[in-house]
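Each chain, written out:
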Amino acid sequence: RKEVEQDPGPFNVPEGATVAFNCTYSNSASQSFFWYRQDCRKEPKLLMSVYSSGNEDGRFTAQLNRASQYISLLIRDSKLSDSATYLCVVNTGGGYNKLIFGAGTRLAVHP
Amino acid sequence: NAGVTQTPKFQVLKTGQSMTLQCAQDMNHNSMYWYRQDPGMGLRLIYYSASEGTTDKGEVPNGYNVSRLNKREFSLRLESAAPSQTSVYFCASSEAGTGGTQPQHFGDGTRLSIL
């Protein structure tokens, strides 16, 4: 089983739609969680950290369920510029700042 | 505002050749990392350096060596390149973190092809 699993997609949605991505992780000792965004042939960029109580940044909402080892990202009012691959990222636990990256979920927003 | 700078951006090598990928960061970060990214797979950690003077193996270290030259610079060396090392290589840096609380910041990658 992969340490971080994501649905690869692609998710094809119209502008203005709401879309949700899910991610599961296997290491119950993981303490830090992030969503990164990666545009085609570009480097990953931090989108947002994920906090235990859930958190929101504009149109983006992240949720964490530790009991189920599950992370989600909700994007409201999708824009064309949201088209990218979204990477779920989890630390390995054990006091190291080592991150495990999911393979990503591809989102395509169309007019 | 450079952040993490990688050189070169593209490189084509023949099997058996050697080369060094360079990485430098100007954010005064303690920790630096080298990843490779292959189609359909997540980024995989090759080596990391938690602080100046230390290096450790990641998930896929075979065929690579690293040097943490100083706090700013962390290089990745392929001693004898193999076609399986064709990939996109990313360098990243972060503040030192306990419990993995620090996000990592990436360079824009080196696209390496081994023929």
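Please read these numbers as outputs of a predicted model, since none were measured by experiment.

### Description of the state of the cysteines
Linking two cysteines covalently through their sulfur atoms gives a disulfide.
Residues and elements named next belong to chain A.
For step 1, the next point in the chain: Considering all chains together, one arrives at two disulfides over all chains under this definition.
For step 2, the next point in the chain: Here C23 pairs with C88 through a disulfide, and the sulfurs are 2.0 Å apart. Taking the sign of the torsion about the S-S bond as the criterion, the disulfide between C23 and C88, at about -75°, is left-handed. A residue pair is termed long-range when its members are at least 10 positions apart, and C23 in strand β3 (residues 19-25) and C88 in strand β9 (residues 84-91) qualify at 65 residues.
For step 3, the next point in the chain: Overall, the relative accessible area of 0% leaves C88 in the buried class.

### Brief notes about the interface of chain A and chain B
Accessible area lost when the parts come together is the quantity often used to give the size of an interface.
For step 1, the next point in the chain: The interface of chain A with chain B comprises 20 residues on the first partner and 26 residues on the second.
For step 2, the next point in the chain: A buried area of about 1,800 Å², summed over both sides, lies between chain A and chain B, and 51% of it is on carbon and sulfur atoms.
For step 3, the next point in the chain: Counting across the interface, chain A meets chain B through zero salt bridges.
For step 4, the next point in the chain: Between chain A and chain B we count three residue pairs in polar contact (both at pLDDT 80 or more) in total.
For step 5, the next point in the chain: Put simply, the parts of the chain that give the side of chain A that touches chain B at least two residues each are β4 (33-38), β5 (44-50), β9 and β10 (99-101) of chain A.
For step 6, the next point in the chain: Looking at the side of chain A that touches chain B element by element, the count peaks at three residues for β4(A).

### Section: the nonpolar core
For step 1, the next point in the chain: Ranked by size, the top nonpolar core spans 24 residues in total, and within it A:F21, A:W35, A:I71, A:L73, A:I75, A:Y86 and A:L107 carry the most contacts.
For step 2, the next point in the chain: When near neighbours in sequence (up to four residues on either side) are disregarded, A:F21 contacts A:F11, A:W35, A:I71, A:S72, A:L73, A:I75, A:Y86, A:T105 and A:L107.
For step 3, the next point in the chain: In terms of nonpolar packing, the next biggest core, distinct from the first, is built from 20 residues, B:V4, B:L13, B:L76 and B:Y89 among them.

Parameters at a glance
Residues numbered from 1 in each chain as written. Chains lettered and ligands numbered in written order. Predicted model: local features only at pLDDT ≥ 70, side-chain atom pairs only at ≥ 80, totals over all residues. Heavy atoms only, no water. Disulfide = S-S within 2.5 Å. Helix = DSSP H or I, 4+ residues; strand = E, 2+ residues; numbered from the N terminus. Buried < 20%, exposed > 50% of the residue type's maximum accessible area, 1.4 Å probe, protein only. Contact = heavy atoms within 4.5 Å. Buried area = accessible area lost by both parts, 1.4 Å probe. Salt bridge = Lys/Arg side-chain N within 4 Å of Asp/Glu carboxyl O. Polar contact = N/O pair within 3.5 Å; in protein donor to acceptor, adjacent residues only side chain to side chain. Core = buried A, V, L, I, M, F, W, Y, C linked by side-chain atoms within 4.5 Å.

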